[in-house]
Amino acid sequence: MSVKFWKFIQNDKCRNAFLRCLIFASFLVLSYFFVYPLLTKGVVFNGDDAWYHIDRIIEIRKNLQHGIYLPFVYTYTFGQIGFPLGIFYPQATLTISAAISLFFKHQVTGIYAGIAFYTLVTLILTYWVCRKIGKSRSEAYVGAVLYAFAAYRTIDAFSRFAMGEYLAMTFLPLCLYGFYAILVGKNKDWPYLAIGYSLIIMSHVLTAFILGLFMLVVWLINLAVSKHKMMQFKYFIYAGIASFFSSAFFLVPFLEQELFQKYAQPDPRILAKTSQQFSSMLLVALDNSINKGNGAIYSIGLTSIIILIAGFFCLKELTKLEKISYFVALTVFIVSSKVFPWSLVQKTPLSVIQFTFRLLVIPTLLFAIVGAGIFGILRKKYFQSKRKYLFLLIIVLGVLGGWYGSVYQLSIGSSFNQENLLYKNDSRAFNEITSTDQYTPKKSLPYLSEIQQHIAIINGKKVTLKKITPQPSELIFKDKSLTQAKKVDLPVAYYKNYVAYRNGHRMKLVSSKRNTMLVSSKETGPIMVTYHYSKVDIIAIISSVLTWLFFVAIFISGWIRKKQYFQSKISS
């Protein structure tokens, strides 16, 4: 057997296939390890936004069980008020997590399985990007581990449970590689920018906004030295158009609502107050802390600080890309703190980011790329031959050991273990209403408390409805006073494309004085509220499907051309 195996790995193709399988298998183990410390506790802990995103997962999961993949109207959660969170908050990538959870008997295990799956995707994409920029297998492996187990990514996963941003970080390597490819003239790789950016849009709008602004600033700086300005502009336009159409099934319904009526800025914050002291961020990073609680500081972690210091001493030996990544990462890290005069941009669109630590997604990836380069330099200098694998093992185990210690400290924190906010296998949806003001129309906000209390207006009188039945993307009202009335001001805010049915017939619908759904019909009976896809919505869905098929066609044709090229080389 050993002789056959030795002959097998002597063949280049077989050896490469074996190494790919081995790397993938190790990534599977690492993905499980990422959730293991908390999975074994049997609960989802009290992350900053845990209840919010757990309710999102529950809502999507219930809809998936009935064959509805992207519910626009949330009816089981968020107070059962017919909340259109599926329109305003991207959910396509979270739907995959919800679908994965369906395969597990225990709902807590299902949620952690979704987190583990995106860690696996993160490891694969980061490894692939590192290989694309010229890194060896071992260097790419280190880069992937550094990014996947970075402090800020772990903060997003557990301390904050910020699933939107966590999912967006998965596709950041793909997006930034596509951006880099266009800047350096690898124009055939422009689809990676479009695919990565559209997947970020479909995960978290704020991260997409931050990243879009970051790439614009970098490109404008690059124009000063670039000799191919128009060519870059051309392919950025291509990527921008493709990004829009591939994510149109989310963007178009979202823009429909935004253009239909006015909304307040979701959870506005003063950036000068939410920004953190740079000295505090450094100290927290040195402690490798990912703890949460009152006054918690979120930072980049000890591995990034080590890379920052080591990078200074290895600066001359780093590649051009690594040097740029080093200084850009350092700059963004500093800018994310109070060192930057955030008060100057408070009245600009940048204020929507709410927390300046959101910028840390960028240095988290860039420091991982620099770290891969430093590992390569040290390996070539001091760890030749067989010792290079020992060095790789030491680095990986060092990163994982430090990470595990941080997660353990998080798991025993009092704020993280707040009993009434833990999600267990027998828990129901939190069904909170505290964030429903974020996407309620401005005209409806003065009456939001009435909506939350399910107060309808029937024959001029306020009536609290109690018989409300949630169905997938539908809310059914069955109170006797309502079923007998021919005209009802429902406790559901008025949105474009919202419709009401009674006995299978569509009811007349106008906006009431409360900017809620005022419905009427000649019939009597229960009333069902749902969302009706407009023609524009349907066109957007079709265009997204076609754009993704276009991406698939590009990669298949590229793979065929590459295969034909190598075959012609061999035959010649």
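Rules and cut-offs
Residues numbered from 1 in each chain as written. Predicted model: local features only at pLDDT ≥ 70, side-chain atom pairs only at ≥ 80, totals over all residues. Heavy atoms only, no water. Helix = DSSP H or I, 4+ residues; strand = E, 2+ residues; numbered from the N terminus. Rg over C-alpha atoms; globule rule 2.2 N^0.38 Å. Buried < 20%, exposed > 50% of the residue type's maximum accessible area, 1.4 Å probe, protein only. Contact = heavy atoms within 4.5 Å. Areas by Shrake-Rupley, 256 points an atom, 1.4 Å probe, with all protein chains shown as cover. Lys, Arg positive; Asp, Glu negative; His and termini not counted. Charge placed at Lys NZ, Arg CZ, Asp CG, Glu CD. Pairing = 2+ DSSP bridges. Salt bridge = Lys/Arg side-chain N within 4 Å of Asp/Glu carboxyl O. Polar contact = N/O pair within 3.5 Å; in protein donor to acceptor, adjacent residues only side chain to side chain. Core = buried A, V, L, I, M, F, W, Y, C linked by side-chain atoms within 4.5 Å. Axes fitted to C-alpha atoms, helices over the stretch in contact; angles between N-to-C directions. Parallel < 35°, antiparallel > 145°, perpendicular 65-115°, else oblique. Left-handed = near helix turned anticlockwise from the far one by under 90°. Nonpolar A, V, L, I, M, F, W, Y, C, P; charged D, E, K, R; others polar.

Caption draft 1: Broad picture of the overall build of the protein chain. In terms of helices and strands, the protein chain carries 22 helices and 10 strands. Relative to its length of 572 residues, the protein chain is compact, with a C-alpha radius of gyration of 26 Å against a globular reference of 25 Å. The principal-axis extents of the C-alpha atoms in the protein chain amount to approximately 85 × 60 × 60 Å. By the burial criterion, 53% of the 572 residues in the protein chain qualify as buried. Sequence separation of at least 24 residues holds for 72% of the intrachain contacts in the protein chain that already meet a minimum separation of 6. When the accessible surface of the protein chain is totalled, it reaches about 27100 Å², and 64% of it is carbon and sulfur. Measuring between centres, the 61 positive side-chain charges of the protein chain sit 9 Å from its 25 negative side-chain charges.

Caption draft 2: Looking closely at the sheet that holds strand β3 (residues 468–471). A sheet is described by the order of its strands in space; here five strands give the open sequence β3-β4-β10-β6-β7, paired in antiparallel fashion. Each edge of the open sheet carries a strand with a single partner, namely β3 and β7 (505–506). Relative to strand β10 (residues 527–531), strand β4 (residues 474–477) is paired through four bridges, and the arrangement is antiparallel. Residue pairing for β10: F477 is matched across the bridge by I527.

Caption draft 3: Fine view of unusual backbone geometry. A positive phi angle, close to 55 degrees, is found at F78, a residue other than glycine. In this fold, F78 is placed in the loop between α3 (50–64) and α4 (85–88). In this structure, N459 is a non-glycine residue whose phi angle is positive, near 55 degrees. Position of N459 relative to the elements: it lies in the loop between β1 (455–458) and β2 (461–464). The class of N459 is exposed, set by a relative accessible area of 70%.

Caption draft 4: Quick peek at the side chain of D479. Residue placement: D479 occurs in the loop between β4 and α21 (480–483). The side chain of D479 is buried and forms no salt bridge, while K467, the nearest opposite charge, is found at 6.7 Å. Here the side chain of D479 touches K467 through a polar contact of 2.9 Å, landing on its backbone nitrogen. Filtering out sequence-adjacent residues up to four positions away, D479 remains in contact with T464, L465, K466 and K467.

Caption draft 5: Spotlight on the nonpolar core. Among the nonpolar cores identified, the biggest contains 172 residues, and Y112 and F158 are the most heavily contacted of them. No other element matches the 15 residues that helix α9 (residues 163–183) contributes to this core. Excluding residues within four positions of it along the chain, F158 makes contact with F34, V35, L38, G47, Y112, I115, W403, L410 and F416.

Caption draft 6: Seen up close, the packing of α9 against helix α18 (residues 361–382). Running from amino to carboxyl end, α9 crosses α18 at an angle of 50 degrees, the nearest separation of the two axes being 10 Å. Classified by the interaxial angle, the pair formed by α9 and α18 is oblique. Crossing hand, α9 versus α18: right-handed. Touching E165, M169, L172, P173 and L176 of α9 are V361, T364 and L365, all from α18. A class-by-class count of the residues in the contact of α9 with α18 yields six nonpolar, one polar and one charged.

Caption draft 7: Spotlight on the environment of S299. Tracing the backbone through its elements, the reader meets S299 in the loop between α15 (278–286) and α16 (302–313). Take S299: its relative accessible area is 1%, and that puts it in the buried class. Distance from S299 to S336, taken between C-alpha atoms, is 9.7 Å for residues 37 residues apart in sequence. Once residues within four sequence positions are removed from consideration, S299 is found in contact with A151, Y152, I155, M281, V284, A285, F333 and L360.

Caption draft 8: The side chain of S246, seen in detail. By secondary structure assignment, the location of S246 is in helix α12 (residues 229–246). Within the local environment of S246, its side chain forms a polar contact with the side chain of S198, the two groups lying 3.3 Å apart. Beyond its immediate chain neighbours, meaning those up to four positions away, S246 contacts A194, S198, M202, S544, T547, W548 and F551.

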